[in-house]
Amino acid sequence: MASTMVASVPVFGRMFKLEGEPELHDINAWPAAMIMASFIWFSVAVLLGISMPLTQMLGLDASLFYTAVTAHGAAMAFPYVFQLMMGVGLHRAAGCLGKPLTGWLPAAAFWCMNIGGILFTIAILMGLKISYAVMYPLPIVGVETGQWSMTSVVIGFTGIAGILLTVILLYPVLTIKLMFFGKEREELVLSRRTLGDPGMLGMAMAAFVLLIMGMPLLIVASAVLLALYHIIPFAWVGWATDPLVFQFVFYIFAHNLMEAMAIMVISAVYATLPLYLADGTRKLYSTKAANLALWILLLTSVTSFFHHFYTMFPALPSALSYHGNIMSWGTAIGAAITIFTVAMTIIKHGLRPEAGIMAVLMGFTLYILDGASAIVTSNVAFSFQLHGTMWQAGHTMAVLIAMSMMWMGVLLHHYPVLTGRVLDPMRGKWFVILFTVGAIGVSYAFLAAGAAGMPRRFASWNQEGWMIYGYLILFFGLCLALSMVIFLIDVSKARRIGEGVVASPPKAAPAE
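Residues numbered from 1 in each chain as written. Predicted model: local features only at pLDDT ≥ 70, side-chain atom pairs only at ≥ 80, totals over all residues. Heavy atoms only, no water.

**Section: the overall build of the chain**
Applicable threshold: Comment: elements are numbered from the N terminus, with helices defined as DSSP H or I runs of at least four residues and strands as E runs of at least two. Throughout this description, buried means an accessible area under 20% of the type-specific maximum (1.4 Å probe, protein chains only), exposed means over 50%, and partly exposed covers the range between. Contacts between residues were defined by any pair of non-hydrogen atoms, one from each residue, lying within 4.5 Å. Computed with a 1.4 Å probe, the accessible areas rest on the Shrake-Rupley method; for each residue, only the protein chains presented here act as cover. Charged residues are defined here as Lys and Arg on the positive side and Asp and Glu on the negative side; His and the ends of the chain fall outside this count. Taken as the charge centre is NZ of Lys, CZ of Arg, CG of Asp or CD of Glu, depending on the residue.
Check the secondary structure of the chain and you find 17 helices and two strands. For the chain, the spread of C-alpha atoms along the principal axes amounts to about 60 × 45 × 45 Å. Burial status across the chain gives 60% buried among its 512 residues. A separation threshold of at least 6 residues defines the contact pool for the chain, and within that pool the share at least 24 residues apart is 83%. Surface accessibility of the chain: about 19900 Å² in total, with carbon and sulfur atoms responsible for 70%. Counting 24 positive and 20 negative side-chain charges, the chain places the averaged centre of each group 6 Å from the other.

Below you can see the structure in the form of structure tokens.
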């Protein structure tokens, strides 16, 4: 079903249709569908992202800006970045463990994510304009003040529920099922790995973090949705609609979502780097150091979400905010060990600088640079100045772009086995260059705007001389868009393995 669906989709289906070994379709089909859908969403997100500064520069109606910024964030965070991670990560796990991705679970994850994204987008087009932090009762306040309809809230929350069901339940359960249950099929084993390998350990950690830390939000959101559909009275869900409860369950999930995605992508870096070492050793400098870094990142990140509650004194003990502050700084220890392990691996063994691994390393560089901005904004004192500005928006955006770049690098490595086709190395090189310039440039444009006091989700950039940051965001955003055009041209023109020499496919199946 999945392979047929991919082949039938215009334009994007051609980029990801399966032309490789038929016996591998059981691990290729649903990941290919997820990856294809993620790039459809990314194309939409890029157009919306470019439209945001244009609405300001052309003096268009402010409502267009708020629609664009809401829809851009909705498309970028989950249907694109998370779905790309889900597709590539599941393909990698299945190939390492030799277990098929078939049945209702991957299908449910795919359809819940994409139908949820479509419903949320419809609600936004109907007028719903809410930020990442969907804090109750703000959506209802918008209805009472005539900014949007209750119908849009119901449709929007239904879409969000589908997305959350995938992120919190279906994807983690699918990953855990792959890792701990089911029988290995020898013909599906591409590169056998165990849980002791950093590339697999991070995936397991991320799955459990999403499942455990997201369950409170799933319970609260389910209760609210049942009330919105009048299945149960609103009086029964007063506990769930309490703003304090809603805020806590949101940040417990949202912050740990980013940390779980970070742990998973760091594990992908550890898994992919050894395959591009110049001396062919295919080993990290230290597996123990890599695993230690992952455990430190896990333990320090789980409770660092408290740094978001810097304005809740005295309702929340200030010690908890400072605890979140300290734990955020503690994640830098895991990052430092990761930097050391990656750098020493390259220094000791050398590197073949192909497009896939360079995209991974450039994405990792942006992730580390953004980590420095996160350390700043996690500080309680700085949060009072920066949390409501473009600095915080830039931090969120930089995390998403860095992760997408790393996963796209892993995808470039997986692409030959996934599709049976190979890519052009020169186009891959220009993709990496332009994406790196665009990603770093737009990230620092956001941070500079925040440092200058520019509010986030604000439709009048010219009031305080902030339009210069809009021009910078537009320029670097166009660099990102051009890089993606080159990437999509590359995958659309990829040749089947054996039909001329475009690039040397990996000697071993690229499951890692």
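And the narrative resumes.
**Structural notes on empty space enclosed by the protein**
Worth spelling out the cut-off: Every definition here rests on a 1 Å grid over the protein atoms only: cavities are sets of points where a 1.4 Å probe fits but cannot get out, pockets are open sets enclosed by protein on both sides within 12 Å along at least five of seven lines, and lining residues have some atom within 4 Å of a point. Grid points are joined across faces, edges and corners, and a volume is the space filled by probe spheres set on the points. All residues other than Ala, Val, Leu, Ile, Met, Phe, Trp, Tyr, Cys, Pro, Asp, Glu, Lys and Arg, Gly among them, are scored as polar; the first ten of these are nonpolar and the last four charged.
Summed over the entire model, instances satisfying the criterion amount to one cavity of 30 Å³ or more. Within this model, the largest cavity holds a volume of roughly 30 Å³. Surrounding the largest cavity, Ile-266, Leu-297, Ala-335, Thr-338, Phe-364, Tyr-367 and Ile-368 form its lining. Counting only elements with at least two residues in the lining of the largest cavity, the list comes to helix H12 (318-349) and helix H13 (355-378). Counting residues per element, the lining of the largest cavity draws most heavily on H13, at three residues. Of the residues that constitute the lining of the largest cavity, the class distribution is six nonpolar, one polar and no charged.

**Describing the pattern of salt bridges**
Heads up, the rule is: Salt bridge, as used here: a side-chain nitrogen of Lys or Arg that lies within 4 Å of a carboxyl oxygen of Asp or Glu.
In this structure the tally under the stated criterion is five salt bridges. Taking the shortest distance from any N to any O, the salt bridge between Asp-26 and Arg-185 comes out at 3.0 Å. Of this pair, Asp-26 sits in helix H3 (residues 25-57) while Arg-185 is found in the loop between helix H7 (150-180) and helix H8 (198-228), placing the two residues 159 residues apart along the sequence. We classify Asp-26 as partly exposed; its relative accessible area is 26%. Arg-185 sits in the partly exposed class, given a relative accessible area of 27%. Salt bridges sharing common partners tie together Asp-26, Arg-185 and Glu-187.

**Structural notes on unusual backbone geometry**
Positive phi, normally seen in glycine, also occurs at Val-11, with a value near 65°. Residue position: Val-11 is located in the loop between helix H1 (2-8) and helix H2 (12-16). Although it is not a glycine, Arg-457 adopts a positive phi angle of roughly 50°. Topologically, Arg-457 is positioned in the loop between helix H16 (425-451) and helix H17 (467-492). Accessibility expressed as a relative area gives 23% for Arg-457, which makes it partly exposed.

**Some thoughts on a nonpolar patch on the surface**
Going by this rule: Only residues whose relative accessible area exceeds 30% and that form no salt bridge are eligible for patches; like-charged ones are grouped when within 9 Å, while nonpolar side chains (Val, Leu, Ile, Met, Phe, Trp, Tyr) are grouped when within 5 Å.
Taken together, the side chains of Phe-180, Phe-181, Leu-195, Phe-208 and Ile-212 make up a nonpolar region of the molecular surface, amounting to roughly 490 Å² of accessible area. Relative to the helices and strands, Phe-181 is located in the loop between H7 and H8.

**Notes on the packing of H13 against H16**
This is how it is decided: To obtain an axis, a line is fitted to C-alpha atoms, over the contacting stretch when the element is a helix, and the angle between two such axes runs from 0 to 180 degrees between their N-to-C directions. Working definition: roughly parallel below 35 degrees, roughly antiparallel above 145 degrees, roughly perpendicular at 65 to 115 degrees, and oblique for all remaining angles.
Packing of H13 against H16 brings their axes to within 9 Å, and their N-to-C directions diverge by 10°. With respect to H16, the axis of H13 lies roughly parallel. Across from Ala-355, Met-358, Ala-359, Met-362, Leu-366, Leu-369 and Ser-373 in H13, the residues of H16 making contact are Gly-428, Lys-429, Phe-431, Val-432, Thr-436, Ala-439, Ile-440, Ser-443, Tyr-444 and Leu-447. Class assignment for the residues of the contact of H13 with H16 results in twelve nonpolar, four polar and one charged.

**Observations concerning the packing of aromatic side chains**
The criterion, for reference: Between rings of Phe, Tyr and Trp, where Trp is taken as its six-membered ring, a pair exists when centres lie within 6.5 Å; planes separated by under 30 degrees are stacked, by over 60 edge-to-face, and by other angles tilted.
Applying the stated rule across the entire model yields 17 aromatic pairs. With 5.8 Å between their ring centres and 85° between their planes, Tyr-285 and Phe-340 make a pair best called edge-to-face. With Tyr-285 in the loop between helix H10 (243-272) and helix H11 (287-301) and Phe-340 in helix H12, the pair connects residues that are 55 residues apart, well separated along the chain. Of the residues examined, Tyr-285 reaches a relative accessible area of 35% and is grouped as partly exposed. Its relative accessible area of 44% is what places Phe-340 among the partly exposed residues. Ring centres 5.1 Å apart and planes at 75° place the aromatic pair Phe-475 and Phe-476 in the edge-to-face group. The class of Phe-475 is partly exposed, set by a relative accessible area of 48%. Among the residues examined, Phe-476 registers a relative accessible area of 18% and is labelled buried.

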